[in-house]
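Spelled out, the chains give:
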Amino acid sequence: MGALDFLVILSFIGCFLQSQAQSLSCHPNDFQALQDFVRGLETVIDGWESESYSDCCKWKGIKCHSSSTGKVVELDLAEKKLSGKLSQSLGNLDQLKVLNLSHNFFKGSLPKSLLNLPNLQVIDLSSNYLTGPISTAINLPSIQELDISENSLEGFLSQSICDNSSSLRSLNLQRNYLQGNLPSQLGNCSSLEYLSLGQNNLNGEIAESIYKLQKLTQLSLRENKFSGLISQRISNLTNLVQFDISSNAFSGTIPDVFHSIGKLEKFVAFSNNFTGFIPLSMSNSPTLTTLNLRNNSLEGLVNLNCSAMVKLVTLGLATNRFSGPIPDNRPSCQALSTLDLSRNRFTGQIPESFKNFHSLSYFFLSNTSNSNLSSALRIFQHCENLSTLIFTLNFHGEQLPADPTLHFKKLNVLIIANCRLRGSIPQWLSRSSQLKLLDLSWNHLDGTIPSWFGDFKFLFYLDLSNNSFSGKIPRRITELRSLTDMDVSLEKSPMDFPFSLKRNVSLSGLQYNQLMSLPPTLDLSYNKVSGSILPEFCNLKKLRYLDLKFNNLSGPIPSNLAGLRNLEALDFSHNKLSGTIPSSLESLSFLSKFNVAYNQLHGKIPLGGQFSTFPSSSFVGNIDLCGDDYTNIICAKHESSNIPREATHQSQRDESFTNGIIVGVAFGFVFVFGASLFPEILRYAGPMKRLRTH
């Protein structure tokens, strides 16, 4: 090969490399659009300030077209902790196919230009802080997935959203502030498979055009203000797999058309105004895995055909008007693991057939008229997979059985509350070694608190309040492993049952609404416990709520309680404690509630830490307890109250018992439906957990 030929080859290679370099170069218009985008940010994007800054095709999260145009086709900056406003100039990325800015902190309005990009196929702006209305002029001819959920957008749904979007498969606008009716034009989205409009302020009836969307597999309208009837035309949605209309105002009967929806697995319709009976086609559905009808006005007998419902796993029928005995064929539903029958008109006893309920894991029966607790416990001990058993407002006045043969191998949660049970804590409970939560509150139990509570390795929530226990607090209770050096939590439930047991508390004062979120707690309040506050309580490093009010405790407040670093609430009020409030408690930085009212304390109220935030009512009714003026705490002398401690104790218990009847019992963990919890009166207090207030 001659020199000339060699030069030709080198020239060809150079041209090829140059063209390749050009193909990776960012188009000037796109570069300018991205520069404008960066100027609107309050944070820095990692990797966008390197030496290759001039070539946006090399930036992290950017993909460019493979041709020589250098046009940006993908912008993916999800979960980068970015904040600032979205620039209108993003609409100049005319070849953009994918835009993902989800799970950041973007604020301000949604640029109209983004809703008019001709080649955009996927747009995901979910989980940000965008505000203002969604543009009614939407022109996205190539769009397939549109997700702007979990923002603060408002206004009405665009009537043009499907005019030029025949390829739209997924539309997610949930958790915003959208209002008005469903536009009939939604029926033009003929390719739509996923439609989620939950947790908005939408109202009116379901537009008939929705029933034209025969490719829909998931439809969620939950937590809106929809009303009216559910049309028989829902049977047209033959591909529907998940259907959620919970927490609305739908009324009338549930259409008997479920034989036509042959793929439906989950039907969630709780908290509506449905009346009548469970449809025959629903009670014979071979595909349903989840059926949640709680909090309606359904009635009659619960005649489910377990031979047909072979896939049914979770069944929620609480808060309806179902009557008669508890159906004895439930164990033949071979996959059924979660069953909530609370707050109905069931009578009689737990059927003997439940001994064979081997699939049962979660059972809730509160506020019904069932009897014979001893028989119920004897039957349920045969349910080998039972982990949660909740009885409240049942078995009134019966004796808490002391049957030594009872044994629950896998029980995690046992709640037998507000049943006015008599007797003492039975020895058989000590063999329930897997217990994590035990609530025997609001009964008439007496005797002493057993020392064997210290043997429970996983118990992190113990509520024995509002009984008549006496004697001293056993020292071994301070050895609970789950409150000392272990992290213990409850498993997620396969259904979003609310846990509703709180008395005399307004909704705004409640903080926890899921068992999974319950804080490590020790509540022995409203009893007759005597002796001193154990210094060994300082061992319970995981403890967040310690409530010993209205007892007969005496002696000083141990200074080493400052070791409870995670403590959020401490209540020693209405006892006979003496001495001073230890200044060491100022170091409890998470303490939000503190009450030592009506004791025999004296001296200075601590000034540091959280103490300046506690009201004077936390200290009144003591011998001579004072704080400086700037703490907003006046001297709290015993003369400030002439009410005898015993009378106050009894009157508050009587008032709570009369006015605070438990509204219901159940519990919930978010599973398939995310946070679809309907607010009800709850039993347990703590900060309400939700990523966004709505």
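Please refer to the structure placed before this passage.
Within any chain, residue numbers begin from 1 and follow the written order of that chain's sequence. Local features are withheld for residues below a pLDDT of 70 in this predicted model, meaning they are given only at 70 or higher, and side-chain atom pairs are given and counted only at 80 or more; totals for whole chains, interfaces and linings count all residues. As a convention, hydrogens and water are excluded, and side-chain values are obtained from all of the structure's heavy atoms.

Quick notes on the overall build of the protein
Then, in step 1: When helices and strands are tallied, the protein shows five helices and 44 strands.
Then, in step 2: The burial tally for the protein puts 56% of its 694 residues in the buried class.
Then, in step 3: Contacts were defined at the residue level, with two residues in contact if any of their heavy atoms lie within 4.5 Å. Nonlocal contacts in the protein, meaning residues at least 24 apart in sequence, comprise 58% of its contacts between residues at least 6 apart. Numbered from the N terminus, helices here are DSSP runs of H or I no shorter than four residues, and strands are runs of E no shorter than two. When a residue's accessible area, from a 1.4 Å probe over protein chains only, is under 20% of the maximum for its type it is buried; when over 50% it is exposed; and in between it is partly exposed.

What about unusual backbone geometry?
Then, in step 1: The backbone of Q199 shows a phi angle near 60°, a positive value even though the residue is not glycine.
Then, in step 2: For Q199, the position within the fold is in the loop between β12 (194-196) and β13 (201-204).
Then, in step 3: Its relative accessible area of 1% is what places Q199 among the buried residues.
Then, in step 4: Its identity is not glycine, yet Y598 carries a phi of approximately 60°, on the positive side.
Then, in step 5: Tracing the chain through its elements places Y598 in the loop between β41 (593-595) and β42 (600-604).
Then, in step 6: On the basis of relative accessible area, Y598 is assigned to the partly exposed category, the value being 26%.

Section: the pattern of salt bridges
Side-chain pairing between opposite charges can occur once the charged atoms of the two side chains come close.
Then, in step 1: We count a salt bridge whenever a side-chain nitrogen from Lys or Arg sits within 4 Å of a carboxyl oxygen from Asp or Glu. This model, assessed by the stated rule, comprises 19 salt bridges.
Then, in step 2: With its nearest N and O atoms 3.0 Å apart, the salt bridge here joins E42 to K107. Placement of the pair is E42 in the loop between α2 (28-39) and β1 (62-64) and K107 in strand β5 (residues 105-109), with a sequence separation of 65 residues.
Then, in step 3: Between R175 and E150 there is a salt bridge; the shortest N-O distance is 3.8 Å.

Let's talk about the pairing of strand β36 (residues 528-532)
Then, in step 1: When strand β34 (residues 470-472) meets β36, the two strands line up parallel, connected through three bridges. Of the residues in β36, the one forming a bridge with K472 is S530.
Then, in step 2: Two strands pair when backbone bridges link them, and β36 and strand β38 (residues 552-555) are joined in this way by three bridges, in the parallel orientation. Bridged to G531 within β38 is L553. Two strands qualify as a pair provided DSSP detects at least 2 bridges between them.

Let's talk about α2
Then, in step 1: Compared with the 16 Å implied by 1.5 Å per residue over 12 residues, the 17 Å span of α2 between its first and last C-alpha is a close match.
Then, in step 2: For α2, the full list of buried residues reads D30, F31, A33, L34, Q35 and F37.
Then, in step 3: The inward-facing, buried residues of α2 contact β1, β2 (72-76) and β5. Multiply 1.5 Å by the residue count of a helix minus one, and that product is the helix's expected span.

A short note on the environment of S323
Then, in step 1: For S323, the position within the fold is in strand β23 (residues 321-325).
Then, in step 2: Ignoring any residue separated from it by four or fewer positions in sequence, one finds S323 in contact with G300, L301, R345 and F346.

Observations concerning the state of the cysteines
Then, in step 1: Sulfur atoms of two cysteines make up a disulfide when they are within 2.5 Å. If you walk through the whole model with that rule in mind, you get four disulfides.
Then, in step 2: Bridging C26 to C56, the disulfide has an S-S length of 1.8 Å. What sets the handedness of the C26 and C56 disulfide is the S-S torsion sign, and at about 80° it is right-handed. Of this pair, C26 sits in the loop between α1 (3-24) and α2 while C56 is found in the loop between α2 and β1, placing the two residues 30 residues apart along the sequence. Like C56, C26 is buried.
Then, in step 3: The residue that forms a disulfide with C57 is C64, at a sulfur-sulfur distance of 2.0 Å.

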